[in-house]
Amino acid sequence: MFLAVKELMHSKVRFLMIIIIFVLLAWLVFILSGLGNGLSTLAASTFKTMKADYVIFEEGSQSSMSKSLLSDQLLAEAELLPNVDDAAPMGTTMATALKANSTSSEDKLDIAIIGINPGSFLEPAVIEGESLSAGNLTGVIVNTTMKDEGYGVGDTFQLDGTTESLKIIGFVENQTYNHVASVFTPMAEWRKIAFAAPGSDKGIAGPVNAIMLQGKDIDPDAMNSGLTGTDTVTRSAAVQGMPGYKEENGTILMMLAFLLAIAAFVLGVFFYVMTMQKTNQFGIMKAIGASNRFLSKAIVSQVLVLSLTSIVVGVLLTYGTAAIMPKGMPFKLETTLVVTYSVILLVIAMLSSLVSVRKITRIDPLKALGRAE
């Protein structure tokens, strides 16, 4: 470590350039991961935060809420099956909110209507206002992002293209679905909205999109056998079944993978070129008794110091960037995410240094001294 630090202090400009390159790569990795996590959260936070373990869909629906239609009569049957602690129906439909007494298209807001039973485990905690009530069908609780659009507790909005009006009675947080704010309403009101067109419920009694289950060690095959025409999956599988979710996340992950591969190549080349430039010095040191182990430890220590410095600066820049980003930007940094990618970048840097270490072990002191002038 002593030798590594001494060289870092002696060749400040050279190593500063490497740090700048590494910082930019780390910064880009953290920014991209934050954007990916933000988009993922915006697309499915309602599903991700709900207190459900499994989801029952219609058979053949490909774990998609929009393709599934079941009867809530299955609810009582599902509760009697092994390992099921509780069950609750859920329905989703997309809509457009229009402020009361407004005719301007600029006042329209895309929302996701989420139908649930008031008081069930699917109802999120209210941070302002009051919870849903079975006796107040038009009272809804909405995501806090609607506050940014000028909505408040007690406000009424109409659903564009319908005669239905809903009144905001409370706000919840971190509840979005398909990149728009979730609006939770009693199941009876959701049915009026979702099946306003005659025959759209296909004649099913008490139609719902899915039945959410609580319980550990539930056997999906046993559920499907006990409930005809159903397909039971885990909550994570239900999230993956959301339209565009898997493709969107796959794109972000592919970009991150390419970026990390490029980072490994760039860092490996930098460290290798630096080692090549110091072949004579390493040859002299080996000639006076320095072992391969000693020189390798010096290189690895040097890379470790450079990497840690660059990653820390990259993290600080990322949090600074997050602080000045527009509020509507889907950017979400989590400590787990930052730590994970920091470790990945550090491992990549250390593995890249092994190319230089291998070069050092193959240096012949006599040949190296022969090139010295």
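Residues numbered from 1 in each chain as written. Predicted model: local features only at pLDDT ≥ 70, side-chain atom pairs only at ≥ 80, totals over all residues. Heavy atoms only, no water.

Asker: I'm lost on the packing of aromatic side chains in this one. Help?
Answerer: Pairs of aromatic rings are described using the distance from one ring centre to the other and the angle between the two planes. Considering all chains together, one arrives at three aromatic pairs under this definition. Here Tyr 151 and Phe 157 contribute two aromatic rings whose centre-to-centre distance is 5.9 Å and whose plane-to-plane angle is 80 degrees, an arrangement assigned as edge-to-face. Positioned over the ring face of Tyr 151 is Lys 99, at 5.4 Å from the centre of the ring. (Phe/Tyr/Trp six-rings, centres within 6.5 Å; stacked < 30°, edge-to-face > 60°. Lys NZ or Arg CZ within 6 Å of the ring centre and 35° of its normal.)

Asker: Would you mind going over the nonpolar core with me for this structure?
Answerer: One recurring pattern in soluble globular proteins: nonpolar side chains tend to sit buried together. Core analysis: the biggest nonpolar cluster contains 36 residues, and Ile 111, Ile 113, Met 146, Phe 157, Leu 213 and Met 223 have the highest contact counts within it. Here Ile 113 is in contact with Gly 91, Thr 92, Thr 93, Ala 95, Leu 159, Leu 166, Val 183, Thr 185, Trp 190 and Ile 193, once residues within four sequence places are set aside. Counting 33 residues, the second largest nonpolar core, distinct from the first, contains Ile 31, Leu 32, Leu 306 and Ile 348. (Core = buried A, V, L, I, M, F, W, Y, C linked by side-chain atoms within 4.5 Å. Buried < 20%, exposed > 50% of the residue type's maximum accessible area, 1.4 Å probe, protein only. Contact = heavy atoms within 4.5 Å.)

Asker: Before we go on, may I ask you to explain the side chain of Thr 92 in this structure?
Answerer: Positionally, Thr 92 belongs in strand β3 (residues 86-99). According to the relative accessible area criterion, Thr 92 is buried, its value standing at 12%. Setting aside its immediate chain neighbours within four residues, Thr 92 contacts Met 65, Ile 113, Ile 114, Tyr 177, Trp 190 and Asn 209. (Helix = DSSP H or I, 4+ residues; strand = E, 2+ residues; numbered from the N terminus.)

Asker: Explain the environment of Met 94 to me, please; I cannot follow it from the model alone.
Answerer: Position of Met 94 among the secondary structure elements: in strand β3. Expressed as a C-alpha distance, the spacing of Met 94 and Ala 112, which sit 18 residues apart in the sequence, is 4.6 Å. Not counting chain neighbours up to four residues away, the residues in contact with Met 94 comprise Ile 111, Ala 112, Tyr 177, Asn 178 and Val 180.

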